[in-house]
Amino acid sequence: MSDVKWLSLLGLATRARKVISGEDVVLKEVRRERVRLVLIADDASSNTKKKMLDKCAYYDVPIRIVSDRKTLGKAVGKGERVVIGVIDEGFAKKIISLVDECRGGM
């Protein structure tokens, strides 16, 4: 049930134009230090996960591995998405707390 909360908030952030998606776009914005949170699908390739984890660790960007690519894509109103970046601090903090709450509740 908690999944619904953070997915809804992600949808709201998308409508507010505070979300970017796609591995290349997110990596570029992480390097420019504009991304406040990276969400990566659990079913992403190991290469993609490693690249995103390393880059986010270097630039000190929080990253969470969540659900699957279909669920992430549906939340932002697009097709399957493997990597999503949140560029707003407020949305990022709330999504982090909801994702962590969901993972802790399992």
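Above this text is the structure in question.
Residues numbered from 1 in each chain as written. Predicted model: local features only at pLDDT ≥ 70, side-chain atom pairs only at ≥ 80, totals over all residues. Heavy atoms only, no water.

Examining the nonpolar core
Here is the rule: Residues enter a nonpolar core if they are buried and are Ala, Val, Leu, Ile, Met, Phe, Trp, Tyr or Cys, with the set joined through side-chain atoms within 4.5 Å. Note on classification: 1.4 Å probe, protein chains only; a residue is buried when its accessible area is under 20% of the maximum for its type, exposed when over 50%, partly exposed between these limits. Strands are runs of DSSP state E lasting at least 2 residues, helices are runs of H or I lasting at least 4, and numbering of each runs from the N terminus. For this analysis, residues touch if any pair of their heavy atoms sits within 4.5 Å.
Membership of the largest hydrophobic core comes to 21 residues, with the highest contact counts inside it found for Trp6, Leu10, Leu39, Val86 and Ile95. Contributions of two or more residues to this core are made by α1 (2-15), β2 (37-41), α4 (69-75), β4 (83-86) and α5 (89-104). With residues near it in sequence (within four places) discarded, leucine 39 still touches Trp6, Leu10, Arg64, Val66, Val82, Val83, Ile84 and Ile95.

With respect to helix α2 (residues 23-31)
Threshold: Along the arc lie the directions from the helix axis toward the C-beta atoms.
Within α2, burial applies to Val26, Leu27, Glu29 and Val30. Here the buried residues of α2 occupy an arc of 165 degrees about the axis, which is enough to place them on one side. Turning to α2, the residues buried within the fold contact β1 (19-21), β2, α3 (46-59) and β4. Glutamate 33 occupies a position one or two residues after α2 and carries a positive phi of about 60 degrees.

As for the packing of α2 against α3
To be explicit about the condition: To get an axis, fit a line to the C-alpha atoms, keeping to the stretch in contact for a helix; angles then go from 0 to 180 degrees between the N-to-C directions. Oblique is the label for any angle not covered by the other classes, which are roughly parallel (under 35 degrees), roughly antiparallel (over 145) and roughly perpendicular (65 to 115). The crossing is said to be left-handed when, going from far helix to near helix, the turn is anticlockwise and less than a right angle, and right-handed when the turn is clockwise. Only Asp, Glu, Lys and Arg are considered charged, only Ala, Val, Leu, Ile, Met, Phe, Trp, Tyr, Cys and Pro nonpolar, and every remaining residue, Gly among them, polar.
In contact at an axis separation of 10 Å, α2 and α3 are set at 15 degrees when each is read in the N-to-C sense. When the axes of α2 and α3 are compared, the pair comes out roughly parallel. When you trace α2 past α3, the crossing you get is left-handed. On α3, the residues that touch Glu23, Val26, Leu27, Val30 and Arg31 of α2 are Thr48, Lys51, Met52, Lys55 and Tyr59. Grouping the amino acids of the contact of α2 with α3 by side-chain chemistry returns five nonpolar, one polar and four charged.

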